[in-house]
Amino acid sequence: MSKIAFIFPGQGAQVCGMGQDFYEQTETGKQVFDRASELLGFSMPELCFEKNDRLDITEYTQAAMVTTSIAMMKVLEENGIKPDVTAGLSLGEYCALAAAGVMSEDDAIKTVRQRGILMQEAVPVGEGAMAAILALDAAVIEEVTAPIEGVWIANYNCPGQIVISGKKAAVEEACEKLKAAGAKRALMLNVSGPFHSGMLTGAGEKLGEVLEQVTVHEPVIPYVANVTAQYVTSAAEVKELLTKQVSSSVKWQQSIETMLADGVDTFIEIGPGKTLAGFMKKINKEVKTLNVEKLEDVQKAVEALS
């Protein structure tokens, strides 16, 4: 028997147009999108399926991404595929919480909308930046950036790809020093804020206040938290971890390694894009990785696992 993990991507994937087939061709998918519209007070199908500028704004992107991924997940589960464990990168952790039974789908969608607004408002546009550092060892990146004030490691994505975040000038300085230290490339990212940096500590604290109103349950299946890269098996840990997650490093590679060590041999990436599958090839290319981003992928996943 395969041990299956559902994994969910974060912000950065191309959301526009994604999930339309789930909305138009499945009752379950349609219900998720329509429910999100009801909860948030704007049309989620219109946001996701019609060309618009709002999808580039964090407060909308986050809600759209989680709604789309949850719709895809529910249709997959309806077709008999259930996870043994789950995890999500950054924003995707909220889909993992829904998959694990920790948070209701309604609360996941409402909370990420608030999270997006708080993150958007935390730092004036242009003050923060993020950059992807390619082909340089994590230990070297940590050593080079440690003395530079205003720079944090945002994401440990996979071997050879680490993202740094923080004050714009500090990130630019770090990029030059990292290239001098042997990085193949240091690419400034087109993002609206310095996510997963200390500049967002205040946004995390405000999110903690939002989370006080949210009911969390004991996990039905375990999920792996971004902040610790360890399994969360108790509801008591959830809110503190989500509060910290906004300004802490996303330990994605380490999260995958935790699941591999636990015997997970099949990973299903659910949501727009194939970013996590790309990371997986660098972390461990022996395991089975499937993608669900189109309705036809559900049937392919069923066949691959039967």
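It should be noted that the structure appears before, not after, this text.
In this report, the structure presented in the accompanying data block is examined. Values in this document were obtained by computation on a predicted structure and should not be read as measured data.

Definitions and limits used
- Residues numbered from 1 in each chain as written.
- Predicted model: local features only at pLDDT ≥ 70, side-chain atom pairs only at ≥ 80, totals over all residues.
- Heavy atoms only, no water.
- Helix = DSSP H or I, 4+ residues; strand = E, 2+ residues; numbered from the N terminus.
- Rg over C-alpha atoms; globule rule 2.2 N^0.38 Å.
- Buried < 20%, exposed > 50% of the residue type's maximum accessible area, 1.4 Å probe, protein only.
- Contact = heavy atoms within 4.5 Å.
- Areas by Shrake-Rupley, 256 points an atom, 1.4 Å probe, with all protein chains shown as cover.
- Pairing = 2+ DSSP bridges.
- Axes fitted to C-alpha atoms, helices over the stretch in contact; angles between N-to-C directions.
- Phe/Tyr/Trp six-rings, centres within 6.5 Å; stacked < 30°, edge-to-face > 60°.
- Lys NZ or Arg CZ within 6 Å of the ring centre and 35° of its normal.
- Disulfide = S-S within 2.5 Å.
- Salt bridge = Lys/Arg side-chain N within 4 Å of Asp/Glu carboxyl O.
- Core = buried A, V, L, I, M, F, W, Y, C linked by side-chain atoms within 4.5 Å.
- Arc of directions from axis to C-beta.

The number of helices and strands found in the protein is 13 helices and 10 strands. Expected size for 306 residues packed as a compact globule is a radius of gyration near 19 Å; at 18 Å, the protein falls within 12% of this value. Of all 306 residues assigned to the protein, the portion counted as buried reaches 56%. In the protein, of all internal contacts separated by at least 6 residues, the share reaching a separation of at least 24 is 72%. Surface exposure of the protein reaches about 12800 Å², of which carbon and sulfur atoms provide 48%.

The strands making up a sheet are joined through hydrogen bonds of the backbone, oriented either antiparallel or parallel. Taken together, the four strands give an open sheet; going across it, the order is β4-β5-β3-β6, and neighbouring strands pair in antiparallel fashion. The open sheet is flanked by β4 (151-158) and β6 (185-188), the only strands paired with a single partner. Neighbour-to-neighbour, the strand axes of this sheet turn through a mean angle of 25 degrees, independent of strand direction. Where strand β3 (residues 128-134) lies against β6, four bridges are found, and the strand directions are antiparallel. Counted as the bridge partner of Ala131 is Met188 from β6.

Attention shifts here to the packing of aromatic side chains. In the structure shown here, the tally under the stated rule is four aromatic pairs. Pairing Tyr23 with Phe33 gives two aromatic rings, centres 5.7 Å apart and planes at 80 degrees, and the pair type is edge-to-face. One end of the pair, Tyr23, is in helix α1 (residues 20-25); the other, Phe33, is in helix α2 (residues 27-40), with 10 residues separating them in the sequence. Centre to centre, the rings of Phe42 and Tyr60 are 5.4 Å apart; their planes meet at 70 degrees, and the pair counts as edge-to-face. Of this pair, Phe42 sits in the loop between α2 and α3 (44-49) while Tyr60 is found in helix α4 (residues 58-78), placing the two residues 18 residues apart along the sequence. Following the ring pairs from residue to residue traces out a cluster consisting of Tyr23, Phe33 and Phe49. For Arg54, the ring lying beneath its charged end belongs to Tyr60, and the centroid distance is 5.1 Å.

This part covers the state of the cysteines. In protein structure, a disulfide is the covalent linkage between the sulfur atoms of two cysteines. Summed over the entire model, instances satisfying the criterion amount to zero disulfides. With no disulfide of its own, Cys16 lies 8.3 Å from the sulfur of Cys48, the closest cysteine sulfur. The class of Cys16 is partly exposed, set by a relative accessible area of 33%.

A full pass over the atoms with the stated rule returns 14 salt bridges. A salt bridge links Asp262 to Lys3, with the shortest nitrogen-to-oxygen separation between them at 3.0 Å. Here the residue Asp262 occupies a position in the loop between α11 (252-261) and β9 (266-270), and Lys3 occupies one in the segment before β1 (4-8), the gap between them amounting to 259 residues. Since its relative accessible area comes to 32%, Asp262 is described here as partly exposed. The exposure class assigned to Lys3 is partly exposed, which follows from its relative accessible area of 25%. Linking Lys177 and Glu173 is a salt bridge whose minimum nitrogen-to-oxygen distance equals 2.7 Å.

Moving on, we come to the pairing of β9. Among the five residues in β9, five count as buried, and that is most of the element. Because side chains alternate across β9, one face comprises the buried residues Thr266, Ile268 and Ile270, and the other comprises Phe267 and Glu269, equally buried. The pairing of β9 with strand β10 (residues 288-292) spans five bridges and is parallel. Its bridge partner lying in β10, Thr266 is registered against Lys288.

The nonpolar side chains of soluble globular proteins are, as a tendency, buried together. Counting residues in hydrophobic clusters, the biggest one holds 74 residues, and the most contacted among them are Phe6, Met44, Ile70, Leu76, Met103 and Ile268. In terms of residues, this core owes the most to one element, α4, which gives 11 residues. Not counting the four nearest positions on each side in its chain, Ile268 is found in contact with Ile4, Ala5, Phe6, Ile7, Leu76, Ile81, Leu290, Val292 and Leu305. Ile133, Leu136, Val171 and Ala183 belong to the second largest nonpolar core, which has 19 residues in total.

The subject of this paragraph is helix α7 (residues 138-145). Every buried residue of α7 is accounted for by Ile141, Val144 and Thr145. When α7 is viewed along its axis, its buried side chains cluster within an angular range of 90 degrees and face the same direction. Those residues of α7 hidden inside the fold are in contact with β3, β4, β5 (161-167) and α8 (168-180).

The six strands lie next to each other as β8-β7-β2-β1-β9-β10, forming an open sheet whose pairing is mixed. Taken across any chain shown, the strands that pair with only one partner, and hence form the sheet edges, are β8 (231-232) and β10.

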